[in-house]
Amino acid sequence: MDNESPEGIAARKRIVNRLKRANGQLVALIGNLEGGAQCRDVVTQLSAISSALDKAGFAIISSAMKDCVMDPGNSDESDDATNSRLTLDELEKLFLTLS
């Protein structure tokens, strides 16, 4: 990530912000449950948290398509870089776990 593009940095910041919001929603949900909140409110909040996590997951996979997929034609990569990259099959499996 040392050579990360400005677009990559901005995308990562958006993902982190989305996850922080989801974390805040989760903390609020736990407090609501402990306080005996109405079922409708709990389910609505849970749905919002789930949606935020799904969107963050899709954004991460989208970023991975650019940053984490191995370039099969690039044999100049170091072993560390190669080990941290995903094959297209691995990326597809990760993507499908979100559905």
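For the protein chain, the helix and strand inventory stands at four helices and zero strands. Start at the N end of the protein chain and walk to the C end: the helices and strands fall as α-α-α-α. With 99 residues in all, the protein chain has 18% of them scored as buried. Contacts in the protein chain between residues far apart in sequence, at least 24 positions, make up 49% of those at least 6 positions apart. On the protein chain, roughly 7600 Å² of surface is accessible, and the fraction owed to carbon and sulfur atoms is 55%.

Here we take up a nonpolar patch on the surface. On the surface, Leu19, Leu53 and Ile60 cluster together into a nonpolar patch covering about 240 Å² of accessible area. Judged by relative accessible area, Leu53 falls into the partly exposed class, the value being 44%.

Here we take up the environment of Lys20. If you trace the backbone, Lys20 turns up in helix H1 (residues 6–34). Judged by relative accessible area, which is 56%, Lys20 ranks as exposed. Separated by 32 residues in sequence, Lys20 and Ala52 place their C-alpha atoms 9.8 Å apart.

A few words now on the confidence of the model for the protein chain. Confidence in the prediction for the protein chain averages 80 pLDDT; 76% of positions are at 70 or higher. When pLDDT is averaged over each helix and strand of the protein chain, the minimum, 56, is found for helix H3 (residues 79–84) and the maximum, 91, for H1.

This paragraph deals with H1. The terminal C-alpha atoms of H1 lie 42 Å apart, and with 29 residues this matches the ideal 42 Å at 1.5 Å per residue to within 8%. Of the residues trailing H1, Gly36 is marked for its positive phi of about 80°.

Cut-off values and rules
- Residues numbered from 1 in each chain as written.
- Predicted model: local features only at pLDDT ≥ 70, side-chain atom pairs only at ≥ 80, totals over all residues.
- Heavy atoms only, no water.
- Helix = DSSP H or I, 4+ residues; strand = E, 2+ residues; numbered from the N terminus.
- Buried < 20%, exposed > 50% of the residue type's maximum accessible area, 1.4 Å probe, protein only.
- Contact = heavy atoms within 4.5 Å.
- Areas by Shrake-Rupley, 256 points an atom, 1.4 Å probe, with all protein chains shown as cover.
- Patch = residues over 30% accessible without salt bridge, like charges linked within 9 Å, V, L, I, M, F, W, Y side chains within 5 Å.
- Salt bridge = Lys/Arg side-chain N within 4 Å of Asp/Glu carboxyl O.
- pLDDT = per-residue confidence, 0-100.
- Expected span 1.5 Å × (residues − 1).

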